[in-house]
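Okay, here's what each chain looks like letter by letter:
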Amino acid sequence: MSECDIAIIGGGPIGIWGLYHAHLRQVNALLFDSLPELGGQLMAMYPEKDIFDVAGFPRVLARELVEQLVAQSVADPTRVRVGEKVLSLTQLDGLWQITTTLGQHLAKSVVVATGLGAFRPKMLGVTGEERFEGQGVDYFVKSLDALVGKRLVVVGGGDSAVDWVNTFSGRSEVTLVHRLERFQAHPASVQRLVESGVEVLMPWEVSALSGDDHLQTVTVRALDGSAERQLPCDQLLVCIGFNADLGPLKAWGLALSGGKVAVDREMRTNQPGVFAAGDVVTYPGKQNLIAIGFAEIAIAIKAATEHAFPGVKSGLAHSSSRGF
Ligand SMILES: Cc1cc2nc3c(=O)[nH]c(=O)nc-3n(C[C@H](O)[C@H](O)[C@H](O)COP(=O)(O)OP(=O)(O)OC[C@H]3O[C@@H](n4cnc5c(N)ncnc54)[C@H](O)[C@@H]3O)c2cc1C
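Residues numbered from 1 in each chain as written. Predicted model: local features only at pLDDT ≥ 70, side-chain atom pairs only at ≥ 80, totals over all residues. Heavy atoms only, no water.

A.B. asks: Quick one: what's the story with the nonpolar core, residue by residue and with numbers?
C.D. replies: Among the nonpolar cores identified, the biggest contains 59 residues, and V110 and V112 are the most heavily contacted of them. Beyond its immediate sequence surroundings of up to four residues, V112 is in contact with I9, L249, W252, L254, V274, F275, A276, A277 and V280. (Core = buried A, V, L, I, M, F, W, Y, C linked by side-chain atoms within 4.5 Å. Buried < 20%, exposed > 50% of the residue type's maximum accessible area, 1.4 Å probe, protein only. Contact = heavy atoms within 4.5 Å.)

See the structure below:
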């Protein structure tokens, strides 16, 4: 059984940045993520999207932000345990015992940064969808270059669908299919879409998928039953949202509010020695933004350090004085 000062649960951007702050405070932290790679939502849901609101980066690809964060934060790769899901947290002789899918660990303090938890994209529910998954049906864009010049059908009317149509407009042959009569995306993005002249079928829906080993045709129909079309298609991109589940965290004894972990100003949960930061938390004024989560985890790691070493005030840690 390994032992550490602080266990950080969740290797999204916020958990990764927690590792940096632990290093800055010279405490020994261990980072867990159930997925095989670090990056959370940025890598799983939008690796090829640009982010514009991280201070110091006028524009950064989500994948690149994660790479930079890892380079900045992971001083010792043996402190990162990917592919290891945390199942339970129990108190043991003043420490926290963390049981994972691969074993058990002890920590003086715990910082929960599990974000949305386990997220699954919503499926269309049409016949053949599962069969073609990864063979012409996808829910996230994994590689922008792979889709350039292809025949794309994008499904959805929210930010994700509209942003992808705008991204591929002029570079691929794109059709947008949306079940509702209105978009739910940012008005400026919708304006750009309208001006692009991309074919938009709404209110229409996908009714069937066909092909051999790979998807070849998407059948779409008008919701009022007045028309049906067969769209030749290399890639169907389904962007109709996702379902999130907090998973095992629900049984960790943490006080929740609206399905999120309730924290105070020092990112303390109701459990002594357990702190939380990022999308998993709630407090008045909370916003699910990377920049805000970065600040929260800096506060959480300071408080977790003080819990791990009672009586030792950890104070303000300036990276410029430490040199890393
Ligand atoms: C399409 C899209 C675009 C976005 N664009 C922006 C933007 O432009 N700017 C911005 O600021 N924000 C943006 N966001 C929001 C931003 O991505 C989130 O605020 C951010 O990812 C939160 O980071 P996190 O580390 O708290 O959680 P997450 O990124 O959700 O990471 C949590 C990690 O915890 C892991 N985990 C969960 N449960 C366990 C467990 N039991 N054991 C081990 N590991 C576990 C998960 O596998 C995951 O890797 C966007 C979000 C989406 C979906």
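Next comes the rest of the account.
A.B. asks: Mind laying out the site of the ligand, listing which residues take part and the relevant values?
C.D. replies: Residues in contact with the ligand amount to 30 residues; listed here are only the nearest, D33, Q41, Y46, D279 and I290. At 2.9 Å from a nitrogen atom of the ligand is found a side-chain nitrogen or oxygen belonging to D53. Coverage of the ligand by the protein amounts to 88% of the 1000 Å² it exposes when considered alone. Counting residues per element, the ones that place at least two in the shell around the ligand are α1 (13-24), β2 (29-33) and α2 (40-44). In terms of residue count, the dominant contributor to the shell around the ligand is α2 (three residues). Residue composition of the shell around the ligand, by class: 14 nonpolar, eleven polar and five charged. (Near = heavy atom within 4 Å. Polar contact = N/O pair within 3.5 Å; in protein donor to acceptor, adjacent residues only side chain to side chain. Areas by Shrake-Rupley, 256 points an atom, 1.4 Å probe, with all protein chains shown as cover. Helix = DSSP H or I, 4+ residues; strand = E, 2+ residues; numbered from the N terminus. Nonpolar A, V, L, I, M, F, W, Y, C, P; charged D, E, K, R; others polar.)

A.B. asks: Run through the environment of G39, naming residues and quoting values.
C.D. replies: Residue position: G39 is located in the loop between β2 and α2. The spacing of G39 and G11 is 28 residues in sequence and 6.1 Å in space, taken between C-alpha atoms.

A.B. asks: An account of the sheet that holds strand β15 (residues 215-222) is needed here, citing residue identities and associated values.
C.D. replies: Taken together, three strands build an open sheet; the order of strands is β14-β15-β16 and the sheet is antiparallel. Bordering the open sheet on either side are β14 (204-211) and β16 (228-232), each of which pairs with just one other strand. Taking the axes of each pair of neighbouring strands and ignoring which way they run, one obtains an average angle of 25° across the sheet. Of the pairings in the sheet, the one linking β14 to β15 comprises seven bridges and is antiparallel in character. Across the sheet, L209 pairs through a bridge with V218, a residue of β15. (Pairing = 2+ DSSP bridges. Axes fitted to C-alpha atoms, helices over the stretch in contact; angles between N-to-C directions.)

A.B. asks: Can you explain the side chain of D138? Please cite residues and give values.
C.D. replies: With respect to the helices and strands, D138 occurs in strand β10 (residues 137-138). Overall, the relative accessible area of 13% leaves D138 in the buried class. In this structure the side chain of D138 is engaged in a polar contact, spanning 3.0 Å, whose partner is the side chain of K142. Excluding residues that lie within four positions of it along the chain, D138 makes contacts with Q235, L236, L237 and V238.

A.B. asks: Break down the sheet that holds strand β19 (residues 256-257) for me, with residues and values.
C.D. replies: If you walk across this open sheet you meet the three strands as β19-β20-β22, and the pairing is mixed. With one partner strand each, in any of the chains shown, β19 and β22 (281-282) form the two edges of the open sheet. When β19 meets strand β20 (residues 260-262), the two strands line up antiparallel, connected through two bridges. Each residue of the ladder has a partner; that of S257, found in β20, is K260.

A.B. asks: Break down the domain arrangement of the protein for me, citing the residues and quoting the values.
C.D. replies: Often, the extent of an interface is quoted as the loss of accessible area upon association of its parts. The domain architecture assigned to the protein consists of domain 1 (2-119 + 243-322) and domain 2 (123-240). When domain 1 packs against domain 2, close to 570 Å² is buried across both sides, 59% of that on carbon and sulfur atoms. Interface area lost by domain 1 to domain 2 is led by M45, E48 and K49, which between them contribute 76%. Linking domain 1 with domain 2 are one salt bridge, by the criterion used here. Note that K49 is salt-bridged to D163, the shortest N-O span being 3.1 Å. (Domains from an automatic or database assignment. Buried area = accessible area lost by both parts, 1.4 Å probe. Salt bridge = Lys/Arg side-chain N within 4 Å of Asp/Glu carboxyl O.)

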